[in-house]
Amino acid sequence: MPLHKTPAIILNHKDFGESDKIITLFTYSLGKITSIAKGAKRSRKRFANQLDLFSFVRPILWEKHHSSLTRIDQCDLLQSFPSIRKAPERFAYASYFCELVDAWVRDRDPHAELFHLLLWALRMVDQGASLAPLSVIFHLRLLTIVGYAPNFIACVNCNLWKGGQVSYSFNYEKGGIVCSDCALNLPLKNRLSPGTVKLLSLAQKTSLAKLSRLHFSAQPLAESAPILENFVHSLLGKEIKSYRFLSGAQECIR
Ligand SMILES: [Zn+2]
């Protein structure tokens, strides 16, 4: 049986039978993998906290004949993110980010950039980053990585950037901004101010290491968060269960 040793993030886990657990891992080199951890339910000592949600680990995965299910025998814990588990709103955001990635990726379809984004986001949540801006950036970068980068450079209709001379709205079908000159007959919903558009454009191209330096004040957050969330959810076409809990957390921190 071939084996793999690859960094991974625990996206989900559930009990299986009397003593085992089924684990969903987002691995660096294999993509999303479902694995069985024998004895993990019965004995906490067997894997200690390596298989907790969000844990960054390096498991040894054995392929099983005639099955897509792998088996985890050993697992090194690289980072456990203890602060995430101590605060409900941090837990809600981390769960949401993991569920979004889980929903987006297919089994055994490696996605190194997405892996780096999720790991970066979990580290930021754990380190106490402001959650609402982090969520905006996560949606924005997720969209860019999976090939649906919103166009915040110029109006998707006239192809011009008119700065503060006009206002802008977001067009979901075209995946970008429409200037008010081109949207004369459309209802003015999904409004984005020029300052918010510029900030989002900057957040698309800034490296992850420098993203925490970008400052999102209340207005750009209020304008962009619902638009980006709706855009991601509509592209996915399915309900993200942890979003309901997240909405409750957002009420508390916005
Ligand atoms: Zn235009």
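The model shown is predicted, which means the values in this text are computed figures rather than measured ones. (Residues numbered from 1 in each chain as written. Predicted model: local features only at pLDDT ≥ 70, side-chain atom pairs only at ≥ 80, totals over all residues. Heavy atoms only, no water.)

### Comments concerning the pairing of strand E7 (residues 168-171)
Basically, it comes down to this: DSSP-based pairing: two strands are paired if at least 2 bridges between them are found. A run of H or I in DSSP becomes a helix once it reaches four residues, and a run of E becomes a strand once it reaches two; helices and strands are each numbered from the N terminus.
As judged from the four bridges shared by E7 and strand E8 (residues 176-179), these two strands associate in the antiparallel manner. Looking across to E8, one finds that Phe 170 is bridged to Ile 177. Counted between consecutive antiparallel strands, the loop separating E7 from E8 contains four residues, among which Gly 175 sits at a positive phi close to 70°. With two bridges connecting them, E7 and strand E9 (residues 191-192) associate as antiparallel partners. Of the residues in E9, the one forming a bridge with Tyr 168 is Leu 192.

### Some thoughts on the side chain of His 139
Selection criterion: Partly exposed residues are those whose accessible area sits between 20% and 50% of the maximum for their type, while under 20% is buried and over 50% is exposed, using a 1.4 Å probe and protein chains only. Two residues form a contact once any of their heavy atoms are found within 4.5 Å.
For His 139, the position within the fold is in helix H5 (residues 131-145). Given a relative accessible area of 1%, His 139 falls into the buried group. Sequence-distant contacts of His 139, that is, excluding residues within four places in its chain, are made with Tyr 96, Leu 100, Leu 228, Glu 229 and Val 232.

### A few points about the coordination of the zinc ion
Applied cut-off: Any N, O or S atom lying within 2.8 Å of the metal counts as a donor, and for Na, K and Ca the limit rises to 3.2 Å; water is left out, so some sites can look incomplete.
Every protein donor of the zinc ion is accounted for by Cys 155 (SG), Cys 158 (SG), Cys 179 (SG) and Cys 182 (SG), and the metal-donor separations fall at 2.3 to 2.4 Å. Sequence spacing of the donors to the zinc ion: C-x2-C-x20-C-x2-C. With Cys 155 in the loop between H5 and E7 and Cys 182 in the loop between E8 and E9, this pair connects stretches of sequence that are 27 residues apart. On the basis of relative accessibility, which here comes to 0%, the residue Cys 155 falls in the buried class. By relative accessible area, Cys 182 is classed as partly exposed at 26%.

### So, unusual backbone geometry
Not every positive phi belongs to a glycine, and Phe 54 is a case in point at roughly 75°. Mapping Phe 54 onto the fold places it in the loop between helix H1 (44-47) and strand E5 (56-63). Here Arg 108, not a glycine, exhibits a phi torsion of approximately 55°, which is positive. One can find Arg 108 in the loop between helix H3 (88-104) and helix H4 (112-126). Residue classification places Arg 108 among the partly exposed residues on the basis of a relative accessible area of 34%.

### Comments concerning helix H7 (residues 218-236)
Heads up, the condition is: To estimate the expected span of a helix, subtract one from its residue number and multiply by 1.5 Å. At every residue, the bend is computed as the angle between two fitted axes, covering the seven residues ending there and the seven beginning there respectively.
Over its 19 residues, H7 extends 27 Å from the first C-alpha to the last, a length consistent with the 27 Å expected when each residue adds 1.5 Å. Along H7, the sharpest kink reaches roughly 30°, centred on Ser 224 and followed within four residues by the proline Pro 226. Within H7 the residues assigned to the buried category are Pro 220, Leu 221, Glu 223, Ser 224, Ala 225, Ile 227, Leu 228, Glu 229, Phe 231, Val 232, His 233 and Leu 236. The first or second residue beyond H7 is Gly 237, which carries a positive phi of 70°.

### Some thoughts on the environment of Cys 179
Tracing the chain through its elements places Cys 179 in strand E8. Judged by relative accessible area, Cys 179 falls into the buried class, the value being 0%. Counting along the chain gives 140 residues from Cys 179 to Gly 39, while the straight-line C-alpha distance between them is 59 Å. Once you skip the residues sitting within four places of it in the chain, Cys 179 turns out to touch Cys 155, Cys 158, Lys 162, Val 166, Ser 167 and Tyr 168.

### Notes on the nonpolar core
Our working definition: The criterion is simple. A nonpolar core is a set of buried Ala, Val, Leu, Ile, Met, Phe, Trp, Tyr and Cys residues joined through side-chain atoms within 4.5 Å. Start and end positions for the domains come from either an automated domain assignment or a database one.
Residues Phe 97, Leu 114, Leu 118, Leu 122, Phe 152 and Phe 216 are the most contacted members of the largest nonpolar core, which totals 65 residues. If you list the elements that add at least two residues to this core, you get strand E2 (8-16), H3, H4, H5, E7, E8, helix H6 (194-205) and H7. For this core, the two domains that each supply at least three residues are domain 1 (1-80) and domain 2 (87-254). When residues no more than four places from it in sequence are discounted, the contact partners of Phe 216 are Pro 133, Val 136, Ile 137, Leu 199, Leu 200, Ala 203 and Leu 221. Among the nonpolar cores identified, the runner-up in size contains 14 residues, and Ala 8, Ala 40, Phe 47 and Leu 51 belong to it.

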